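Summary of structural features
Residue strings, one per chain:
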Amino acid sequence: MNSPEPILEARGLVKKYGQVVALNGADFELYPGEILAIIGDNGAGKSTLIKALSGALQPDEGEISLGGERIHFRSPRDAQRAGIETVYQDLAVAPALDIASNVFLGRETRRRGPLGSLLRLLDKRGMRREARRQFEELGIGVQSIGEAVGNLSGGQRQGVAVARAAAWARRLVIMDEPTAALGVKETGQVLDLIKRVRERGLPVILISHDMPHVFELADRIHIMRLGRRVAVVTPKTHTMPEAVAIMTGATPSELDNALTKERSAE
Amino acid sequence: MGPTGTLQVVRRVITAPTVGPFIALVVTMAFFSLKTDRFFHAENFSLVLQQVMIVGVLAIGQTLVILTAGIDLSVGTVMALGQVIMTKLAVANGVPALPALLLGILVCVGFGVLHGGLVTGVRLPPFIITLGTLNIAFALTHIISNDLTFTGLPKLELFWGRTFNISGTDFTYGVVLMLVLYALAWYGLNQTAWGRHVYATGDNREAARLTGINTDRVLLSVYTLAGLSYGIAAWLLIGRTQVGDPNAGQTTENLDSITAVVLGGTSLFGGRGTIIGTLIGALIVGVFRNGLTLIGVSVIYQYLVTGILVILAVSVDQFLHRRSG
């Protein structure tokens, strides 16, 4: 299923904050068309890894390549220009602005002709039309595209963030705990959205704590521990307890115990 | 338009952020109209507008700064410094009016650039930076002026105090300039990408940065434009007082500009507010001062009232902020 060439690849990433080593030689691959989940305990380096991949921070060592080419992102904007969009768990949506403005935040389009070039007038109507089209394509129901994002529910807000990412990503989408702050029903909606993004052919990197979601969605699971990638498994080859055991560094006997428990529970 | 359409329009109007301040303005005006029959006259309104134009223009800069979750305590003293430079150069140094004015404005812009540079480069809190520049500008005003008042100013420097007549009532050109500046600020904030970036940066600087907005550039532009508005206010101040007075514009303007912004519904937490609200807020402050003077309340009590007013307005803001999370 996987083509041999990864679309995004990282080798030996190191990031230190003073004495703390957040990334300690982490490797990473993302293949076209897949949902890759990243799991790991708190402090395992998940967030640091995706921040390095999305340009939010710069690794001290190591290399990243996109489509086979070495890249150096100095800011999130560089990553966006390269076609990488990121959804943060509760960030990056401006509540005072309406939905269309949020989708176009940072890449607003201006009116044609002198109104746009000289007076820098925004093409509000065009942006709303385009945002509405995006929402329909992704099957997100929103009453009014002119509604301030602050008036939306948590799930709808996250829907805006996902739609925004899907609208602009040309290469891949990164999602950092997109459902962490949501209720059950809203979580389901966002998970559906993530599947639809993959159906559009965009590979997705999904960071999540929620093992059932990870096992439901992911094609492959990248497991982080102590700043490194310790394993890549798939929902077909490994069970949840096995993945958790690798993640927490449980000894083989502890793993056996966990598996016995699960079997006796069945 | 169907019934739901009408309902939506009604809802829009009721929830529009400028409605609260507007009602407050109307209530204030009604109050003073009942209290004294000297209030509700065209000449008195013209006077209120003249009194408002200085604080009104300062409040434009203050609005931009507060929208980015900052605050500028130095507005009044920076304006006073600009005014002293403009008048001293023209009177004592024989510099022609235009370059004297431009230099004064440039100094105010320089303070704005300094604020923006320290906020983005050194990442200091705007409160501390502008508390420092408040004192620096205050000291420079008195050092440069030698505590002298400059009179016999060139015509160009006094221009904004000149009046024109509409059906028997005199209005100053300065008031027109103020309204034009508000229109420009409205345009920038509501019709350009820059405006959206100002709101987004004020709402959450890190989130805006991660969205791909160059937040440092946004903040630098905001503080620089704020400095420009203080420079223009300095020129208006000369038009209003007709002299270059080192003691002008230093006592009430700082708090009044903040009061105007807050009364106008702009949140001190950043990201929420309107420029039209600020204009209404400035009018409320102006009407209050004018009305209290007309009914014979002494200046000291006016301080008392505006002090209470600003704390009340900030409390409402805090309350709304908690509720909306």
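Residues numbered from 1 in each chain as written. Chains lettered and ligands numbered in written order. Predicted model: local features only at pLDDT ≥ 70, side-chain atom pairs only at ≥ 80, totals over all residues.

1. Structural notes on the overall build of chain B
Heads up, the condition is: Secondary structure counts use DSSP, requiring at least four H or I residues in a row for a helix and at least two E residues in a row for a strand, with both numbered from the N terminus. In this treatment the radius of gyration is a C-alpha quantity, and the globule benchmark scales as 2.2 Å times the residue count to the 0.38 power. Working definition of burial: number of other C-beta atoms within 10 Å of the residue's own, with buried at 20 or more, exposed at 12 or fewer, and partly exposed in between, all C-beta atoms being placed from the backbone. What counts as a contact here is a pair of residues whose C-beta atoms, placed from the backbone, lie within 7 Å.
Tallying secondary structure elements over chain B gives 14 helices and two strands in all. Relative to the 2.2 N^0.38 estimate, which gives 20 Å for 325 residues, the radius of gyration of chain B is 20 Å and therefore close to what a compact globule would have. Across its three principal directions, the C-alpha atoms of chain B cover 65 × 55 × 35 Å. Across the 325 residues that make up chain B, the buried fraction comes to 49%. Relative to all contacts within chain B whose residues are 6 or more apart in sequence, the contacts with residues 24 or more apart total 76%.

2. Focus: the nonpolar core
Test applied: By convention the nonpolar core is taken to be a set of buried residues drawn from Ala, Val, Leu, Ile, Met, Phe, Trp, Tyr and Cys and joined through C-beta atoms within 7 Å.
A:Leu172 and A:Val173 are the most contacted members of the largest nonpolar core, which has 155 residues in total. Leaving out residues up to four positions away in the same chain, A:Leu172 has contacts with A:Ile7, A:Leu8, A:Leu30, A:Ile84, A:Leu202, A:Pro203, A:Val204 and A:Ile205.

3. Brief notes about helix 3 (residues 42-67) of chain B
Residue and element names in this part refer to chain B. In plain terms, the rule: At any given residue, the bend is defined as the angle formed between two axes, one fitted to the seven residues that end at that position and one fitted to the seven that begin there.
The largest bend in helix 3 is about 40°, located at Met 53. Of all 26 residues that make up helix 3, 19 are buried, and the element is covered over most of its length. Where helix 3 ends, the next residue or the one after it, Ala 69, has phi of about 65°, a positive value.

4. Details of the interface of chain A and chain B
Selection criterion: Basically, the charged four are Asp, Glu, Lys and Arg, the nonpolar ten are Ala, Val, Leu, Ile, Met, Phe, Trp, Tyr, Cys and Pro, and anything else, Gly included, counts as polar.
Between chain A and chain B, the residue contacts involve 20 residues of the former and 18 residues of the latter. When residues in the side of chain A that touches chain B are grouped by element, the largest group, three residues, is from helix 2 (residues 76-81) of chain A. Here the side of chain A that touches chain B is built from residues that sort into 12 nonpolar, five polar and three charged.

5. Digging into the environment of A:Asn151
Relative to the elements of secondary structure, A:Asn151 occurs in the loop between helix 5 (124-138) and helix 6 (154-168). Judged by C-beta crowding, with 15 C-beta atoms within 10 Å, A:Asn151 ranks as partly exposed.

6. Concerning the packing of helix 5 of chain A against helix 6 of chain A
Residue and element names in this part refer to chain A. Stated formally: Axis definition: a line fitted to C-alpha atoms, limited for helices to the stretch in contact. Angles are taken between N-to-C directions and run from 0 to 180 degrees. Should an angle fall under 35 degrees it is called roughly parallel, over 145 degrees roughly antiparallel, and 65 to 115 degrees roughly perpendicular, with every other angle called oblique.
Across the interface, helix 5 lies against helix 6 with an axial gap of 10 Å and an inter-helix angle of 100°. By the criterion of interaxial angle, the relationship of helix 5 to helix 6 is roughly perpendicular. Across the interface between the two elements, Gln 134, Phe 135 and Leu 138 from helix 5 touch Ala 163, Ala 166 and Ala 167 from helix 6.

7. Considering the confidence of the model for chain B
Atomic detail in the predicted coordinates should be set aside for any region of low pLDDT. The condition that has to hold: Confidence scores here are pLDDT values: one per residue, from the predictor, ranging 0 to 100.
The share of residues in chain B with pLDDT of 70 or more is 94%, and the mean pLDDT across the chain is 90. If you check the scores for this complex, the pTM reads 0.85 and the ipTM reads 0.76.

8. A few points about the sheet that holds strand 2 (residues 20-30) of chain A
Residues and elements named next belong to chain A. Rules: Any two strands with at least two DSSP-identified bridges between them are counted as paired.
Read across the sheet, four strands follow the order 2-1-4-5 without closing on themselves; strand pairing throughout is antiparallel. Only two strands of the sheet have a single partner each, and these edge strands are strand 2 and strand 5 (69-71). Taken over all neighbouring pairs, the strand axes of this sheet differ in orientation by 30° on average, direction set aside. Relative to strand 5, strand 4 (residues 61-66) runs antiparallel, the two sharing three bridges. Directly across from Ser 65, in strand 5, lies its bridge partner Arg 70. Taken strand by strand, helix 1 (residues 46-53) contacts strand 1 (8-17), strand 2 and strand 4, and its axis lies near 120° from that of strand 1.

9. A closer look at unusual backbone geometry
Residue and element names in this part refer to chain B. We note that Asn 146 has phi near 55°; this positive angle belongs to a residue other than glycine. Take Asn 146: it is sitting in the loop between helix 6 (126-145) and helix 7 (155-158). Unusually for a residue other than glycine, Asp 147 sits at a positive phi of about 60°. Following the sequence through the fold, Asp 147 ends up in the loop between helix 6 and helix 7. The class for Asp 147 is exposed, based on 10 C-beta atoms found within 10 Å.

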